[in-house]
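# An overview of the molecular structure
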4 protein chains.
Amino acid sequence: MTTSGGQDSDTGRIETFSDGVFAIAITLLIIEIGVPHVEVTESLFERLIHLWPSYLGYAISFLVIGIVWANHHNRFRLISRSDHVLLFLNVLFLMCVAFLPFPTALLAEYIREEAHRITAVAVYSGTLAITAVFFTLLWLYAAGNYRLVDRSLDPSLLRAMTRRYVLGMFLYILAFALAFVSPAASLGLIVILALVFVLPEPDGSRRGARRRSLRR
Amino acid sequence: MTTSGGQDSDTGRIETFSDGVFAIAITLLIIEIGVPHVEVTESLFERLIHLWPSYLGYAISFLVIGIVWANHHNRFRLISRSDHVLLFLNVLFLMCVAFLPFPTALLAEYIREEAHRITAVAVYSGTLAITAVFFTLLWLYAAGNYRLVDRSLDPSLLRAMTRRYVLGMFLYILAFALAFVSPAASLGLIVILALVFVLPEPDGSRRGARRRSLRR
Amino acid sequence: MTTSGGQDSDTGRIETFSDGVFAIAITLLIIEIGVPHVEVTESLFERLIHLWPSYLGYAISFLVIGIVWANHHNRFRLISRSDHVLLFLNVLFLMCVAFLPFPTALLAEYIREEAHRITAVAVYSGTLAITAVFFTLLWLYAAGNYRLVDRSLDPSLLRAMTRRYVLGMFLYILAFALAFVSPAASLGLIVILALVFVLPEPDGSRRGARRRSLRR
Amino acid sequence: MTTSGGQDSDTGRIETFSDGVFAIAITLLIIEIGVPHVEVTESLFERLIHLWPSYLGYAISFLVIGIVWANHHNRFRLISRSDHVLLFLNVLFLMCVAFLPFPTALLAEYIREEAHRITAVAVYSGTLAITAVFFTLLWLYAAGNYRLVDRSLDPSLLRAMTRRYVLGMFLYILAFALAFVSPAASLGLIVILALVFVLPEPDGSRRGARRRSLRR
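Because the structure is predicted, anything quoted here is derived from the model rather than measured. (Residues numbered from 1 in each chain as written. Chains lettered and ligands numbered in written order. Predicted model: local features only at pLDDT ≥ 70, side-chain atom pairs only at ≥ 80, totals over all residues. Heavy atoms only, no water.)

A few words on the relation of the copies chain D and chain C. For these two chains of identical sequence, chain D goes onto chain C by a turn of 90 degrees and a shift of 0.0 Å along the axis, with RMSD 0.0 Å. Within this description, the copies of the chain are treated as partners about a four-fold rotation axis. Of the residues that chain D buries at the interface, just 8% are likewise interface residues in chain C, meaning the two copies contact each other through different surfaces. (Least-squares fit on C-alpha atoms with pLDDT ≥ 70 in both. Contact = heavy atoms within 4.5 Å.)

Structure representation (structure tokens):
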């Protein structure tokens, strides 16, 4: 809270607030799964098995939000200053993240019904695509001309990050488009993307560390 | 947690608690949007489009709470001490913020029905007006006679802040009054206010920075 | 995170976790107020007015949780170490705090029905009484023989705190007993207690500060 | 936020995010207890008593999540670095923790019905068993070959921790198996496990402290 560190502490507050929204959105997912009401003569076990789309939706969305949180968190380690545009883009980005429990519940409700499956998956993947668009805009704004990132960062690192996010954004848009052809392929791509984004970042800290050690 | 820094750490805890309430209130907004139940012969897409007031309410309230959070956060960077009155005013202020999901759901439910539209918009804008009143009271109490703000702050900065909040408060009260004449104009003013308050503060850090550099 | 500060950081984590539970419990209160469904010919305004017990319950519980948070937070500024018993008592205490949305909704639902009013108010005030019991036990355990509080604290300060909490506890138990005689008096006492506990603590930092300045 | 402390700050962020999920999951438990609707001629008190499985489920789950939080928190005090596998295992672990409100509500709904009791208790204890499996995996990954823990830690401390978690995991799996024989015994074991895990850790900080004092 010193005057010199005021800027950093500002991104710190944005991160804390964002972390809160992530943690709540991810935990609210469970609320959408209602306890089934069965008669004595029915099998509770079968009814619970029948709820599989709810568990699937819960697992995918939990994974996606968890990975998006990790990426958001990693990005803000590079962003050292904040301004009103960043704040605004971050609010729009969080608006998408906090919206996710709704398409998740929609997916769980309608994935079994052929008549509504495409709509449900399209809304779900479309929400993720818009989330990716805002995330990419936020990064492009912060990293462009070193606007809000640390000036000592390697330009090739910033370019690698930008490539990663722009590519990810287009793949999420592809998942949205796929929903109209094959809902299963669309969901499959979303799961693959989550698992790929959990991998270490391609040109990140390792390369920087190597450079630093080469200089010594 | 040193004795000298005890006061600052006290406002730190108020901020953390407030941030938590903001983050939860903003994320709870989605709970109010229920998944629609459609028959196989109906179009899920049309039903989802029909829910537009829910999305509109979600977007406006998310934006408003996000902006109020940013303003609350900026104010507490100037407030360096805390006392029981500030604590109490802050609890009343948070009581209004955490109440917002209710008028938001009311707005989404009744904005389409002409018989109830005025009531719904009036409750919504009225809640925002009361929130603005408590925010302004909190600031007037903290800044009056430098009661709880840093004594080294420029008096013109404090006056500019006070003007900003008192004006904002009257504009929210105007939005409330407008609800009885034109609900659409009332909501329009609320969106404009949110977008205006996201702009850099008029007499804030920039001017202070200029002064500081002039002294050098 | 140094070894010497490990203990303090431990109470820090208990505080952060408790703050989270407080912030969520206080914000969840609004979920219990459902949007009323009215016909075109009915008055939405009248139906909203009819919901006054929900607003009253929301306001009282918000105030009570806010004040309990402030007291909990003030107490942990004196508690410098933590152990497993404190952790366990704190979990039991939080279990009561997080339970509050349920009796609040009960109160809102049944305060207007004479046949059920006493039960609803008794459950509400009883929950607060049990919360006060655990808060007092937590303090007695931490402060007894300076078990977990800073050894440099004035013994008269600790005694004043103990008196304050034991008295508060008995007044909450009185509010519970009053529910069976006069539900209104019980709720009145609860509101008065919240307003009294928001006042500066009688023998707190001021006296300590005076002592410290006398020594100089 | 210095470069050297970057790794520690990274586990700090994982902890903060996890704490958020814990705090929300524990507080959301109350949402599953709905206010009962009684007629004027019925007794509200009796209906509230009839809800005892909901209170029992709330208390057990609150206790379990509280204890799991304390253990998670204690473990991350030993884990000083983080990597993508740890992040991923932690997300899977949190996915189980955040899932708990669902089996808790299931338990409350069906524990009284003999036809469904075994299923409800098996799902509940099974969820806890899977949670314990991920917690143990997370620890084994972090502690194996000192991968992510402080290299100065006593190897016997790490082994004692590992024994503790592997044993705990098998006891939770036993509780799951017991559900099919005696649901009451299964729940009893779960409560006992929570109370045992609240006890001080067997070979923990005390031993390390003794060693340190021996060296002096």
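It is worth spelling out the interface of chain D and chain C at this point. Contacts between the two partners involve 39 residues from chain D and, on the opposite side, 32 residues from chain C. By the criterion of area lost to chain C, the three top residues of chain D are Thr27(D), Val35(D) and Trp69(D), representing 18% of everything that side buries. One can count zero salt bridges joining chain D with chain C. There are six residue pairs in polar contact (both at pLDDT 80 or more) connecting chain D and chain C. Elements with a minimum of two residues in the side of chain D that touches chain C: helix 1 (6–28), helix 2 (44–50) and helix 3 (52–78) of chain D. Here the side of chain D that touches chain C is built from residues that sort into 27 nonpolar, five polar and seven charged. (Buried area = accessible area lost by both parts, 1.4 Å probe. Salt bridge = Lys/Arg side-chain N within 4 Å of Asp/Glu carboxyl O. Polar contact = N/O pair within 3.5 Å; in protein donor to acceptor, adjacent residues only side chain to side chain. Helix = DSSP H or I, 4+ residues; strand = E, 2+ residues; numbered from the N terminus. Nonpolar A, V, L, I, M, F, W, Y, C, P; charged D, E, K, R; others polar.)

This paragraph deals with the packing of helix 3 of chain D against helix 5 (residues 101–110) of chain D. Residue and element names in this part refer to chain D. One way to put it is that helix 3 packs onto helix 5 with a least axis distance of 8 Å and a crossing angle of 150 degrees. Our classification of the angle between helix 3 and helix 5 gives roughly antiparallel. Once helix 3 is placed against helix 5, the crossing between them reads as right-handed. For the pair formed by helix 3 and helix 5, the contact residues are Pro53, Ser54, Gly57, Tyr58 and Ser61 on the first element and Thr104, Leu107 and Ala108 on the second. Here the residues of the contact of helix 3 with helix 5 sort into four nonpolar, four polar and no charged. (Axes fitted to C-alpha atoms, helices over the stretch in contact; angles between N-to-C directions. Parallel < 35°, antiparallel > 145°, perpendicular 65-115°, else oblique. Left-handed = near helix turned anticlockwise from the far one by under 90°.)

As a further point, take the interface of chain A and chain B. The partner chain B presents 38 residues to the 31 residues of chain A that form the contact. At the boundary of chain A with chain B, total buried surface from both sides reaches about 3100 Å², with 75% on carbon and sulfur atoms. Taken as a group, Arg13(A), Phe17(A) and Phe102(A) account for 23% of the area that chain A buries against chain B, more than any other trio of residues on that side. At the junction of chain A and chain B, the tally comes to zero salt bridges. Here chain A and chain B share six residue pairs in polar contact (both at pLDDT 80 or more) between them. Of all the secondary-structure elements, those providing two or more residues to the side of chain A that touches chain B are helix 1 (6–28), helix 4 (84–99), helix 5 (101–110) and helix 6 (114–143) of chain A. Tallied by class, residues from the side of chain A that touches chain B come to 22 nonpolar, five polar and four charged.

Before going further, it helps to spend a moment on the relation of the copies chain A and chain B. Each copy of the chain is related to the other by a rotation around an axis and a translation along that axis. Superposing chain A onto chain B requires a rotation of 90 degrees together with a translation of 0.0 Å along the rotation axis, leaving an RMSD of 0.0 Å. When the interface residues of chain A are mapped onto chain B, a mere 10% of them again lie at the interface, so each copy presents a different face.

With that out of the way, let us pick up the environment of Thr127(A). All names here are of chain A. As for its placement among the helices and strands, Thr127 is situated in helix 6. Of the residues examined, Thr127 reaches a relative accessible area of 9% and is grouped as buried. Between the C-alpha atom of Thr127 and that of Phe102, which follows or precedes it by 25 residues, the distance is 9.9 Å. Other than its neighbours up to four places away in sequence, Thr127 contacts Cys96, Phe99, Leu100 and Pro103. (Buried < 20%, exposed > 50% of the residue type's maximum accessible area, 1.4 Å probe, protein only.)

Let us now look at the pattern of salt bridges. Residue and element names in this part refer to chain A. Inspection of the entire model under this criterion finds four salt bridges over all chains. Across the salt bridge formed by Arg47 and Glu42, the nearest N and O atoms sit 3.9 Å from each other. The exposure class assigned to Arg47 is partly exposed, which follows from its relative accessible area of 30%. According to the relative accessible area criterion, Glu42 is partly exposed, its value standing at 35%.

On to helix 4 (residues 84–99) of chain C, then. Residues and elements named next belong to chain C. The end-to-end C-alpha distance of helix 4, which contains 16 residues, comes to 23 Å, matching closely the 22 Å that a straight helix rising 1.5 Å per residue would cover. The element helix 4 is largely enclosed, with a buried count of 13 among its 16 residues. The opening residue of helix 4 is Asp83, an N-cap whose side-chain oxygen sits 3.2 Å from the backbone nitrogen of Val85. (Expected span 1.5 Å × (residues − 1).)

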